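Summary of the model geometry
Single-letter residue listing:
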Amino acid sequence: MTVQELPGAAGYRPVPPPAWKPLTDPAPLLPDPEPYRVLGTEAAAGADPRLLLRLHAELVRGRRYNTQATALTKQGRLAVYPSSTGQEACQVAAALVLEERDWLFPSYRDTLAAVARGLDPVDALTLLRGDRHTGYDPREHRIAPLCTPLATHLPHAVGLAHAARLKGDDVVALALVGDGGTSEGDFHEALNFAAVWRAPVVFLVQNNGFAISVPLAKQTAAPSLAHKAVGYGMPGRLVDGNDAAAVHEVLAEAVARARGGGGPTLVEAVTYRMDAHTNADDATRYRSREEVESWRDHDPVLLMERELTARGLLDEATADAVRQEAERMAAALRERMNADPVLDPMDLFAHVYGDRTGPLREQEAGLRAELVAEDAAEDAEEQRDGSERSGRERDTEGGR
């Protein structure tokens, strides 16, 4: 029996809507023409002083974390470090806006966001040290592993958020990505699925001007990255990414909307990467010193300190206490990173499959045999060296 032969099928003649008819009114989804700001505007008067002070402390701590991690690369303690200096407002706001039950999905440049959410600073650097794929339990901290491939974590965020909603869990996923990641297919797939499923997920694009050396103008012709949201049927928000109060407010609204069943939001934070892409990059090859210097007056730490000082919330003693706390964090990070980790090569096979496959067991056995052979060779070498020393000592005593 075909579908048309089923009872009542004769009266069921679905007529598709015209192809041009929009499913959603695009007007409410469009971002504002200019990035939203709080600091230095009338809106700042309504900002919670306690939140501003918390944001300031995290910004100062984050700046010191970035400079210390960059120094560790020069000392050979880190293999690579993608600094987020200049972008701290995005990272800190993303961490503070989430509830404990929510999930953070960071990219490789978002170690600071993970630390601001409560992750141990050393554990956040484990991947960049080259020790393990991740140095922490994602479930314990509700932080997905730092994602080095561009944008591949965005569909994971959507999947987790959708699954949580199906289970009835009151969970929101917040995924961070750079402007370069918006040129990846995973970005578009994630946004499409999120909008269709109305998944409780928020996408934060940190538009820092360059995808390594490629400027934004060579990646997209859209009015802004936030405008891309309307094509998928979700709101797009444009915010000053160096204004920590503004980023926190916009993200808080997006998280509340997602938690309340309103679906996803795409937030573009306009910021700037003050340092090179990583310690292996020469940024002078694609941008001028004058361009970098022009952003220093819009530094996220400076913006916050101006606001707090103007409102009488920050004096030199308070600011110094915040700096000293950041120095203590940096000193502890240096001390712990200077200790060589003790690694077991057999861990290479410990977390690949729940039940190890035949080829994996063969590789494990092969490596184990190589290690045993190396240990035996080293023991034999030490015995030969000992025998030679003993012989020389006997000859010396005989000569006396």
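Report on the accompanying structure. (Residues numbered from 1 in each chain as written. Predicted model: local features only at pLDDT ≥ 70, side-chain atom pairs only at ≥ 80, totals over all residues. Heavy atoms only, no water.)

1. What to know about the packing of aromatic side chains
To be explicit about the condition: Planes of paired rings set the category: under 30 degrees apart is stacked, over 60 is edge-to-face and the rest tilted, where pairs are Phe, Tyr or Trp rings (Trp by its six-membered ring) whose centres lie within 6.5 Å. Where helices and strands are cited, they refer to DSSP runs of H or I of at least four residues and of E of at least two residues respectively, numbered from the N terminus. Under the scheme applied here, a residue whose accessible area is under 20% of the maximum for its type counts as buried, over 50% as exposed, and between as partly exposed, the area being computed with a 1.4 Å probe on protein chains only.
All chains considered together, the criterion is met by four aromatic pairs. Where Phe 210 meets Tyr 286, the ring centres are 5.3 Å apart and the plane angle is 55 degrees; that geometry is what we call tilted. With Phe 210 in strand β4 (residues 210-211) and Tyr 286 in the loop between β7 (265-270) and α10 (289-294), this pair connects stretches of sequence that are 76 residues apart. Judged on exposure class, the residue Phe 210 and its partner Tyr 286 are both buried. On the numbers, 5.0 Å between centres and 10 degrees between planes, the contact of Tyr 272 with Trp 295 is stacked. Remark: Trp 295 occurs in the loop between α10 and α11 (300-310) and Tyr 272 occurs in the loop between β7 and α10; sequence separation between them is 23 residues. Overall, the relative accessible area of 3% leaves Tyr 272 in the buried class. Accessibility expressed as a relative area gives 22% for Trp 295, which makes it partly exposed.

2. Quick look at a nonpolar patch on the surface
Where we set the bar: Here the term patch refers to residues with relative accessible area over 30% and no salt bridge, with like charges joined within 9 Å and nonpolar side chains (Val, Leu, Ile, Met, Phe, Trp, Tyr) within 5 Å. Using the Shrake-Rupley algorithm and a 1.4 Å probe, accessible areas are obtained, with residue cover drawn only from the displayed protein chains. By salt bridge we mean one thing: a side-chain nitrogen of Lys or Arg within 4 Å of a carboxyl oxygen of Asp or Glu.
Nonpolar side chains collect at one region of the surface, where Phe 193, Val 196 and Trp 197 lie side by side and expose about 300 Å² of accessible area between them. Mapped onto the elements of the fold, Val 196 is located in helix α8 (residues 185-197). Using a relative accessible area of 60% as the deciding quantity, one classes Val 196 as exposed.

3. Here's the deal with the pattern of salt bridges
Under the criterion given, the structure shown has 23 salt bridges. Between Glu 327 and Arg 64 there is a salt bridge, and its shortest N-O distance comes to 2.8 Å. Placement of Glu 327 in helix α12 (residues 316-337) and of Arg 64 in helix α1 (residues 49-74) is noted, with a sequence separation of 263 residues between them. Classification of Glu 327 by relative accessible area gives partly exposed; the value is 36%.

4. A short note on α1
What counts is decided by this rule: Helix span, expected: 1.5 Å multiplied by one less than the number of residues in the helix. Identification of polar contacts relies on pairs of N or O atoms within 3.5 Å, with a donor-acceptor requirement for protein atoms, meaning one able to donate a hydrogen and the other able to accept it, and with residues adjacent in sequence counted only if both atoms are side-chain atoms.
Under the 1.5 Å per step criterion, the end-to-end length of α1 is 38 Å for 26 residues, consistent within 8% with the ideal 38 Å. At the N-terminal end of α1, a side-chain oxygen is found 3.0 Å from the backbone nitrogen of Arg 50, two or three residues along, and the residue is Asp 48. Looking one or two residues beyond α1, the residue adopting positive phi is Gly 76, at roughly 80 degrees.

5. Let's talk about unusual backbone geometry
The backbone of Arg 142 sits at a positive phi, close to 55 degrees, despite the residue not being glycine. Its place among the elements puts Arg 142 in the loop between α6 (138-141) and α7 (153-167). When its relative accessible area of 28% is taken as the criterion, Arg 142 is described as partly exposed. Its identity as a non-glycine residue notwithstanding, Arg 198 has a phi of 50 degrees, on the positive side. A residue is classified by how much of its surface remains accessible, and Arg 198, at 43% relative accessible area, is partly exposed.

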